[in-house]
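Topology and contacts: notes
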Amino acid sequence: MEYQFRDIEKKWQQRWKESGAYKVSNSNDRPKYYVLDMFPYPSGAGLHVGHPLGYIASDIFSRFKRLQGFNVLHPMGYDAFGLPAEQYALEHGIHPAVSTENNINNFRRQLDNIGFCFDWDREIRTCDASYYKWTQWIFLQLFHAYYDRDLRKAMPISGLIEAFEKNGNADHPVPNPQYAIQQFSAADWKSFDEKTRQDLLMEYRLAYCGTGEVNWCEALGTVLANDEVVNGVSERGGHPVVKKKLRQWYLRITTYADRLLEGLDKVEFSEAMKEMQTNWIGRSEGAELEFSVDGLGLRVYTTRPDTIFGVDFMVLAPEHELVQQITTPDQKAAVEKYLEYVNSRSERERMSEKRISGVFTGAYAVNPFNGANIPVWISEYVLAGYGTGAIMAVPCGDQRDHAFARHFNIPVTNIIGSFYNGEEANPTKEAMLENSGFLNGMPMKEAMSFIISKIEEMGIGKRKVNYKMRDAAFSRQRYWGEPFPIKWVNGVAIPLSESELPLLLPHVDSYKPGPEGEGPLANIPEWTNKELETNTMPGYAGSSWYFLRYMDPGNENSFSDRKVSDYWNQVDLYIGGTEHAVGHLLYSRMWTKVLYDLGHIGFDEPFRRLLNQGMIQGSSRFVYRVAGKNEFVSAGLKDQYDTQALHVDVNMVDGVELDLELFRKWRGGEYAEATFVLENGKYICGVETEKMSKSKFNTVNPDDLVLKYGADTFRMYEMFLGPVEVSKPWDTKGIEGVHRFQIGRAHV
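Here's a quick rundown of the structure. (Residues numbered from 1 in each chain as written. Predicted model: local features only at pLDDT ≥ 70, side-chain atom pairs only at ≥ 80, totals over all residues. Heavy atoms only, no water.)

As a further point, take the overall build of the protein. Along its length, the protein carries 24 helices and 29 strands. Here the C-alpha atoms of the protein give a radius of gyration of 30 Å, agreeing with the 27 Å that 2.2 N^0.38 yields for 748 residues. Each of the three principal axes of the protein carries a C-alpha extent, and together these read 95 × 70 × 55 Å. Each of the 748 residues in the protein was classed as buried or not, and the buried ones make up 52%. Pairs at least 24 apart in sequence give 72% of the contacts found in the protein among residues at least 6 apart. Accessible surface computed for the protein: about 34100 Å², of which carbon and sulfur atoms make up 49%. Side-chain charges in the protein split into 82 positive and 100 negative, and the spacing between the mean points of these groups amounts to 3 Å. (Helix = DSSP H or I, 4+ residues; strand = E, 2+ residues; numbered from the N terminus. Rg over C-alpha atoms; globule rule 2.2 N^0.38 Å. Buried < 20%, exposed > 50% of the residue type's maximum accessible area, 1.4 Å probe, protein only. Contact = heavy atoms within 4.5 Å. Areas by Shrake-Rupley, 256 points an atom, 1.4 Å probe, with all protein chains shown as cover. Lys, Arg positive; Asp, Glu negative; His and termini not counted. Charge placed at Lys NZ, Arg CZ, Asp CG, Glu CD.)

Another aspect to go through is the pairing of strand β10 (residues 283–293). Bridge count between β10 and strand β16 (residues 461–467): seven bridges; the pairing is antiparallel. Looking at β16, one finds that Ala-287 is bridged to Arg-463. Sheet topology places β10 next to strand β11 (residues 296–302); seven bridges connect them, and they run antiparallel. Bridged to Leu-289 within β11 is Val-300. Sheet topology places β10 next to strand β13 (residues 359–366); two bridges connect them, and they run antiparallel. Note on β13: the bridge partner recorded for Val-293 is Ala-365. (Pairing = 2+ DSSP bridges.)

What follows deals with helix α3 (residues 83–92). What α3 keeps buried is the set Ala-85, Glu-86, Gln-87 and Ala-89. Those residues of α3 hidden inside the fold are in contact with α4 (96–114). Looking one or two residues beyond α3, the residue adopting positive phi is Gly-93, at roughly 70 degrees.

Grouped together as the largest cluster of nonpolar side chains are 116 residues, with contacts concentrated most on Phe-139, Trp-249 and Phe-474. With nine residues, helix α5 (residues 129–143) is the single largest residue contributor to this core. Within the second largest apolar cluster, 42 residues are counted, among which are Tyr-338, Val-359, Ile-374 and Leu-433. (Core = buried A, V, L, I, M, F, W, Y, C linked by side-chain atoms within 4.5 Å.)

Now for the packing of aromatic side chains. A complete count under the given rule lists 63 aromatic pairs for this structure. A ring pair is formed by Tyr-717 and Trp-730, whose centres lie 5.0 Å apart and whose planes are at 75 degrees; its orientation type is edge-to-face. With Tyr-717 in helix α23 (residues 711–720) and Trp-730 in the loop between β29 (728–729) and α24 (735–747), the pair connects residues that are 13 residues apart, well separated along the chain. Under the relative-accessibility criterion, Tyr-717 is labelled buried at 7%. By the ring-pair criterion, three or more aromatic residues cluster together here, those being Phe-139, Phe-143, Trp-249, Phe-474, Phe-484, Trp-488, Tyr-540, Tyr-587 and Trp-591. (Phe/Tyr/Trp six-rings, centres within 6.5 Å; stacked < 30°, edge-to-face > 60°.)

Here we come to the environment of His-48. For His-48, the position within the fold is in the loop between β1 (32–37) and α2 (52–67). According to the relative accessible area criterion, His-48 is buried, its value standing at 15%. C-alpha of His-48 to C-alpha of Met-692: the two residues are 644 residues apart in sequence and 8.3 Å apart in space. A distance of 2.9 Å separates the side chain of His-48 from the backbone nitrogen of Gly-50, its partner in a polar contact. (Polar contact = N/O pair within 3.5 Å; in protein donor to acceptor, adjacent residues only side chain to side chain.)

Within the fold, Lys-691 resides in the loop between β28 (686–690) and α22 (702–709). Residues Lys-691 and Leu-611, 80 residues apart in the sequence, show an inter-C-alpha distance of 20 Å. Every residue in contact with Lys-691, bar those within four places of it in the chain, is listed here: Met-615, Gly-618, Lys-696 and Asn-698.

In total, this model carries 33 salt bridges according to the counting rule given. The closest approach of N and O atoms between Asp-199 and Lys-195, which form a salt bridge, is 2.8 Å. On the criterion of helical spacing, the pair formed by Asp-199 and Lys-195 is a turn pair, its members being four residues apart in helix α8 (residues 194–202). Among the residues examined, Lys-195 registers a relative accessible area of 35% and is labelled partly exposed. With its nearest N and O atoms 2.9 Å apart, the salt bridge here joins Arg-608 to Glu-268. In this pair, Arg-608 sits in the loop between α20 (584–597) and β21 (610–612) while Glu-268 sits in the loop between α9 (257–263) and α10 (271–281), placing the two residues 340 residues apart along the sequence. In this structure Arg-608 comes out as partly exposed when scored by relative accessible area, which is 26%. Overlapping salt bridges bring together Glu-101, Arg-108, Asp-112, Glu-123 and Arg-125 as one network. (Salt bridge = Lys/Arg side-chain N within 4 Å of Asp/Glu carboxyl O.)

Here the focus is the side chain of Gln-248. Along the chain, Gln-248 turns up in strand β9 (residues 242–251). Separated by 3.0 Å, the side chains of Gln-248 and Ser-475 make a polar contact. Beyond its immediate chain neighbours, meaning those up to four positions away, Gln-248 contacts Tyr-208, Cys-209, Gly-210, Gly-212, Val-214, Ser-475, Gln-477 and Asn-535.

Let us now look at the packing of α5 against α20. One way to put it is that α5 packs onto α20 with a least axis distance of 11 Å and a crossing angle of 70 degrees. As judged from the angle between their axes, α5 and α20 are roughly perpendicular. Between α5 and α20 lies a crossing of left-handed hand. Contacts between α5 and α20 involve Thr-135, Trp-137, Ile-138 and Leu-142 from the former and Met-590, Trp-591, Val-594 and Leu-595 from the latter. (Axes fitted to C-alpha atoms, helices over the stretch in contact; angles between N-to-C directions. Parallel < 35°, antiparallel > 145°, perpendicular 65-115°, else oblique. Left-handed = near helix turned anticlockwise from the far one by under 90°.)

Across the sheet, which stays open at both edges, the four strands sit in the order β2-β1-β20-β21 with parallel pairing between neighbours. If you trace the sheet from one side to the other, it starts and ends with β2 (71–73) and β21, each paired once. Here the strands of the sheet are splayed against their neighbours by 20 degrees on average, with no regard to which way each runs. As defined by bridge partners, β1 adjoins strand β20 (residues 573–576) across three bridges and the pair is classed as parallel.

Tracing the sequence through the fold places Asp-471 in the loop between β16 and β17 (472–473). No salt bridge is formed by the buried Asp-471; the nearest opposite charge belongs to Arg-252, separated by 4.3 Å. Of note is the side chain of Asp-471, whose polar atom sits 2.7 Å from the side chain of Tyr-208.

Now for the packing of α22 against α23. Between two packed helices, the angle of one axis relative to the other and the distance separating the axes together describe the packing. At their nearest, the axes of α22 and α23 sit 7 Å apart, and the two run at 120 degrees to each other. Classed by the angle they form, the pair α22 and α23 counts as oblique. Contacts from Pro-702, Leu-705, Val-706 and Tyr-709 in α22 reach Ala-711, Thr-713 and Phe-714 in α23. Here the contact of α22 with α23 is built from residues that sort into six nonpolar, one polar and no charged. (Nonpolar A, V, L, I, M, F, W, Y, C, P; charged D, E, K, R; others polar.)

Attention shifts here to unusual backbone geometry. In this model, Leu-501 is joined to Pro-502 through a cis peptide bond whose omega is 0 degrees. Here Pro-502 shows up in the loop between β19 (492–495) and α16 (525–528).

With that out of the way, let us pick up α4. Each full turn of the α-helix corresponds to 3.6 residues, which orients residues three or four apart in the same direction. With 19 residues, α4 ought to run about 27 Å at 1.5 Å a step, and its terminal C-alpha atoms sit 27 Å apart, in line with that. Buried within α4 are the following residues: Pro-96, Ser-99, Thr-100, Asn-103, Ile-104, Phe-107, Gln-110, Leu-111, Asn-113 and Ile-114. Considering only its buried residues, α4 is in contact with α1 (5–19), α2, α3, α22 and α23. Among the residues trailing α4, Gly-115 stands out with phi positive, at a value near 80 degrees. (Expected span 1.5 Å × (residues − 1).)

Below is the structure:
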């Protein structure tokens, strides 16, 4: 008798649905276990076979834990806000809410086909007002909090105001050393007008507003992401792009840097993942000191103050505030030309640039220890947002500095003796210092602490811990995102009250940017008349806390009842890709720590154990077109011709043999008249393993496989491909053997 897998699977999936087989209770005497997948962005392309890998693994594990007697929470939802839906709306005239709803319905259909044990009563969508009401609420908790460095935790801003009223800021230094007001007394605080007070408080808030640079394209009338800018022009249309300063919101994640590092010792993440987060945070110890440039102070942070006598030049970020002030008249034209070049470049391009470039400003800094004049340059490899936006360059000890010095014929001072061979830098810490004044003959490791004490003694700097991580940008000049619950009145950010939440995203018919690069909400008079913030929150806002909402999704009075979150506590097993290692995971960990500090939850790490699934790679297929002709040569013969490799849809290839009739009909008949040079009567395609991607035509739709082989076969085959953590290529041919095994089981 034939194995009727379609009928069997549909019957039981319907039975599970009707009986609420996977419905989970928040009150249960059994021990809890929380299994969570990183929820998907519902793209228009739907799921391909790579997406369900982690879902299948978590599903199997959830069933296993249920059989062990655990009350298992295994939910699913959608990370539904974001740029792709808005871009789709711009290109096709479909409102993001409509396209997102359609995409979610398609995802749900595909997930149901595969037969997962999700508790669908807990489904969440970050674009639903009932959800983003609480995203806005958490933003307000961040806005109304500051980080107490003595207590090492977030505290209500109201307590800071009380401290200012009693003692000024004697116990709470301004976090930004460049802010105009550094110290003030209680009397000063009381004398400040409201605008000055609010501006000062903004310097302490965990969610704060500042000014940030964006990529502005005048021709397209929009702000572009870094990856939408290539060599100073827009990827779409090739239009000029310039840097523009706009109002931006940020999260003060840097204040949590040490706790984020310490927290890694309390979680079960892979060593590779811990290393990625550690490197991203980039904690370092050193000194911040000041050099004099024409009477102006130039602050520099260095992890190697012991090399102070080997400084042969200084490099400023081209955007550094001192550049315009110190550039000499004879260098002004060259500096301005270089600035024009740098302003056309994205930060990513600057960081990845291998070519050495820079311009001398004509100014000199004075070494505070020997009075030497040090030439001051600007170069794109120094970024204003990292450290102080300026470096002291020691060519004998840093290879990048060495290459720069050689390129511009800057003399190199050797302070490490035989450790420097004159050809390449040596970052050693083992040398005895030479050419170093009072440090001569001192081991570098000893000199480190000694020179920092000298710097502090002279009053030109201090010992400092620095972080490579920067505060997280938290606003976008886009439409499809959470509105900020903020009004601007006379230049002051006024938070909405909790009773006014949710602040609903208004329906619009146009998603074009507002004036001068503002978000599309700036085009709505009803919005601007209320003086509401025109930026929206970024895609990661809703995903930073979604694991908490699954616990209590229907609660209208809280993001999650405290008793419920105390029961479910941390996610016991979190499964997702490594691409979120330094974005989503860090933001989610910070939000959790803030909510813990403020007493809203009872744990300060969101995920107890993290499993990073490997990637199911696409096995791409290629055809080879003869240059200048509509003729295609089989793979074994291509070297006899001048050919160009083209991706071809894997769904029209059986193994490696191309279905010529399907190919002729492909892409609207573009190849209907094509001719072929065959091998033994067959066209054999080239093969390459790549990332599974729609653009490479190597995606395989799980719907087709479930229809042909059944959900059980599909799930089993994905698990048989290899360990979940390992990346592996997809080969549809292999599923046949698993299907035969399933048929054999059914007959037994």
